[in-house]
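What the coordinates show
Chain by chain, the residues:
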Amino acid sequence: MPAASTTLRLLAVSVIASFTITGCQTLDDAGRAIGRSDLVNDLATRLDQSLTLTYSAEYQLPAGQTATIAQAQDPARSAYTWPGGKLTVTEEATARCETTAARAVCTLEAPPAANTKPSVTLFTEAKEHGLVTPPVVMQLLTTAALDPQAVITQSDTTLAGRHATCVDVQQSAGDFSACVTTEGALGSFTGDVDGERVELAMTDYRDAVDGDAFALPPGAGVVDRRTATP
């Protein structure tokens, strides 16, 4: 097994309990009996609710690389960084930045419509570079919950000092494992997404965001493709 993969998995081995829940029930954090689809839907709901949080998280990727996710509210905005790129979503614009060259280049497009959530397709580039985002994992969890043939195993762990509930999903659409913290942040993910292997694990979590988290890279060239307002 590659060293990077081993390191990622070691970050998620503090398992408290594990239950195979196909055809049976387990207990949620409040001690209520829940079924297989309820468990997976609960994690998807946590991720969805996390969109209302203010936090920043750092993730370890293979080969010693890192990625970050930052969110803030009033106004709602988010930022995702990965090796070679950055995506920010604010009220003013959706900005996709390429940072591999000596000078970063950012393309500005219209922001999501008011009171709507960003489309999963918005995160395609981040996914291609190893950062699977909460909306993408939400979609995978929802698909698993609807698959009666999926085999789902539940466990609990601690990541970056935060309790997390994890599921290991075996299904025809593609196996994956994901952990979601009690707060709703994505804790870890391992699996194939659109034919690409993705592995990440949270190494730091803060209930705060640095002031420049949503700014474009310093000195970046800007291509503005937003439609001018009449």
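Residues numbered from 1 in each chain as written. Predicted model: local features only at pLDDT ≥ 70, side-chain atom pairs only at ≥ 80, totals over all residues. Heavy atoms only, no water.

1. Quick look at the pattern of salt bridges
Side chains that differ in sign of charge can pair as their charged atoms come close. To keep it simple, the criterion reads: Salt bridges are defined by distance alone: a side-chain nitrogen of Lys or Arg within 4 Å of a carboxyl oxygen of Asp or Glu. A run of DSSP states H or I qualifies as a helix once it reaches four residues; a run of E qualifies as a strand once it reaches two. Both are numbered from the N-terminal end. Here the term buried applies to any residue with accessible area under 20% of the maximum for its type, exposed to any over 50%, and partly exposed to those in between, with areas from a 1.4 Å probe on protein chains only.
Taken as a whole and assessed by the stated rule, the structure comprises 7 salt bridges. In this structure, Arg96 engages Glu109 in a salt bridge whose closest nitrogen and oxygen atoms are separated by 2.5 Å. With Arg96 in strand β8 (residues 94-98) and Glu109 in strand β9 (residues 105-109), this pair connects stretches of sequence that are 13 residues apart. For Arg96, a relative accessible area of 23% corresponds to the partly exposed category.

2. Thoughts on the pairing of strand β13 (residues 186-193)
Rule in force here: Pairing between two strands is assigned when DSSP locates at least 2 bridges connecting them.
Along β13, 7 of the 8 residues are buried, which leaves the element largely enclosed by surrounding structure. Where strand β12 (residues 176-181) folds back onto β13 in an antiparallel hairpin, the turn is made up of 4 residues, including Gly184, whose phi is positive at roughly 115 degrees. Pairing of β13 with strand β14 (residues 196-206) involves 6 bridges; the strand directions are antiparallel. Its bridge partner lying in β14, Ser188 is registered against Ala201. A loop of 2 residues connects β13 with β14, the two strands running antiparallel in sequence, and Asp194 in this loop sits at a positive phi of about 55 degrees.

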